[in-house]
Structures are given as C-alpha cells and as structure tokens.
Amino acid sequence: MPKTIHLGCDHAALDMKNALIKALEADYALEDHGTYTAESCDYPDIAHAVCRAVEQDSESCGILICGTGIGMSIAANRHQGIRAALCTTELHARLSRQHNNANVLCLGARMTGSVLAEAIVQAFLHTDFEGGRHQRRLDKLAI
Ligand code: RB5
C-alpha cells in the first residue's frame, strides 16, 4: 500500500476528488494538488503537478480525475517515471497494478459513478505488482 497519495482533478471532477479525500483521509497521507474550486482550469497543469510529486517519491502514488479521465492519462503518461492507468472497472485497477505496476490511477468523473470509483480506488491501492515477466516488459517501455 502506498504511504502517500497525491490527488488532483480539474473542474469536472471536483466533487469526486473531494469525496475520495473523505473516504481515504483516515488511512493515508494525502496531498491535494488542486483544483480547489469549480472554476474552469486546464487538466495538464494538475496532472504535471501530481506526476512530478509521484516521480519524487517512489513509495507514493497518484490519483488524477477529469471528466473522461483521458486528458489526465495522456498528460500523466508523458512523464518518464509515470505509468498511468485509466480504469473503469475494479478488474482494470487490479490488473494495472499486478501487470503494469501503475503508479497513477486515472478516473473519469463524468463516466464512472462515485460508488464504483471508490471501489476502483480501493482495488488499486490494495493490489501489489507481480514482477517477473511483467517487470521485463516494463523495462522495455523506456524510449
Ligand atoms: C473538461 O471539460 C474536460 O475536457 C476534461 O475534464 C477532460 O475530460 C479531458 O480529457
């Protein structure tokens, strides 16, 4: 389980991020990288802030939420040290950890209901990387 979770969202996902903070704050150290209001903002700004923080602390992970989750995942995966997974099911979340060692979970607040989103987050946080052949494949990702 990660020690610290870095969270970020754009305006489309503020309610979901705040709900996740409430659900997680008793069990994890959380760092909220914004946005903090419903005013329109640009998801890359938030994605880069969260990803820089995750890259600096290998024992942490990130959760990024926008309307679809797509913008956040595209922005996050531009970082060399980030493996971001856009998940819409608990199975996606488990496999993103077991096979891909994902260190950032992306969610779409306009696509995924809040109850399912919380279950996806719990699956992500409680699943370990399997290593072995999956590590060999991760080693081939760098270009
Ligand atoms: C914001 O309107 C929306 O474009 C953003 O939240 C996200 O879905 C982009 O990928």
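Residues numbered from 1 in each chain as written. Predicted model: local features only at pLDDT ≥ 70, side-chain atom pairs only at ≥ 80, totals over all residues. Heavy atoms only, no water.

## Let's talk about the pairing of strand β1 (residues 4-9)
Turning to step 1, where the next piece is worked out: By the criterion of burial, β1 is predominantly enclosed, with 6 of the 6 residues buried.
Turning to step 2, where the next piece is worked out: Neither face of β1 is exposed, since Thr4, His6 and Gly8 on one face and Ile5, Leu7 and Cys9 on the opposite face are all buried.
Turning to step 3, where the next piece is worked out: In this region the chain leaves β1, passes through helix α1 (residues 14-24) and returns to the parallel neighbour strand β2 (residues 29-32); the handedness of that crossover is right-handed.
Turning to step 4, where the next piece is worked out: As paired elements, β1 and strand β3 (residues 60-66) share 6 bridges and run parallel to each other. Pairing of Leu7 across the sheet is with Ile63, part of β3. (Buried < 20%, exposed > 50% of the residue type's maximum accessible area, 1.4 Å probe, protein only. Helix = DSSP H or I, 4+ residues; strand = E, 2+ residues; numbered from the N terminus. Right-handed = clockwise from strand over helix to strand, strands pointing away. Pairing = 2+ DSSP bridges.)

## Quick look at a nonpolar patch on the surface
Turning to step 1, where the next piece is worked out: On the surface, a nonpolar cluster with roughly 260 Å² of combined accessible area is contributed by Ile70, Ile74 and Leu86.
Turning to step 2, where the next piece is worked out: Residue placement: Leu86 occurs in strand β4 (residues 84-86). (Patch = residues over 30% accessible without salt bridge, like charges linked within 9 Å, V, L, I, M, F, W, Y side chains within 5 Å. Areas by Shrake-Rupley, 256 points an atom, 1.4 Å probe, with all protein chains shown as cover. Salt bridge = Lys/Arg side-chain N within 4 Å of Asp/Glu carboxyl O.)

## Focus: unusual backbone geometry
Turning to step 1, where the next piece is worked out: Cis geometry is found at the peptide bond from Gly34 to Thr35, where omega equals -10 degrees.
Turning to step 2, where the next piece is worked out: In this fold, Thr35 is placed in the loop between β2 and α2 (43-56).
Turning to step 3, where the next piece is worked out: Notably, Asn101 is not glycine yet its phi reads approximately 50 degrees, a positive angle.
Turning to step 4, where the next piece is worked out: With respect to the element layout, Asn101 can be found in the loop between α4 (90-98) and β5 (104-108).

## Digging into α2
Turning to step 1, where the next piece is worked out: End to end, α2 covers 20 Å across 14 residues, agreeing with the expected 20 Å (1.5 Å per residue, within 8%).
Turning to step 2, where the next piece is worked out: Residues of α2 that are buried include every one of Ile46, Ala47, Val50, Cys51, Ala53 and Val54, and no others. For α2, the buried positions fall inside an angular range of 160 degrees around the axis, keeping them on one side. Away from the buried face of α2 by more than 90 degrees, exposed residues Asp45 and Gln56 are located.
Turning to step 3, where the next piece is worked out: Next to the buried residues of α2 lie β1, β3, α3 (70-76) and β5. (Expected span 1.5 Å × (residues − 1). Arc of directions from axis to C-beta. Contact = heavy atoms within 4.5 Å.)

## Here we look at the side chain of His6
Turning to step 1, where the next piece is worked out: Relative to the helices and strands, His6 is located in strand β1.
Turning to step 2, where the next piece is worked out: The exposure class assigned to His6 is buried, which follows from its relative accessible area of 5%.

## A look at the site of the ligand
Turning to step 1, where the next piece is worked out: Close contacts around the ligand come from Asp10, His11, Ala12, Tyr43, Cys66, Gly67, Thr68, Gly71 and Arg110, and that covers them all.
Turning to step 2, where the next piece is worked out: Within the side chain of Asp10, an N or O atom sits 2.5 Å from an oxygen atom of the ligand.
Turning to step 3, where the next piece is worked out: In this structure, an oxygen atom belonging to the ligand sits 3.4 Å away from a side-chain N or O atom of Arg110.
Turning to step 4, where the next piece is worked out: Expressed as a share of its isolated accessible area of 290 Å², the protein-covered part of the ligand is 70%. (Near = heavy atom within 4 Å. Polar contact = N/O pair within 3.5 Å; in protein donor to acceptor, adjacent residues only side chain to side chain.)

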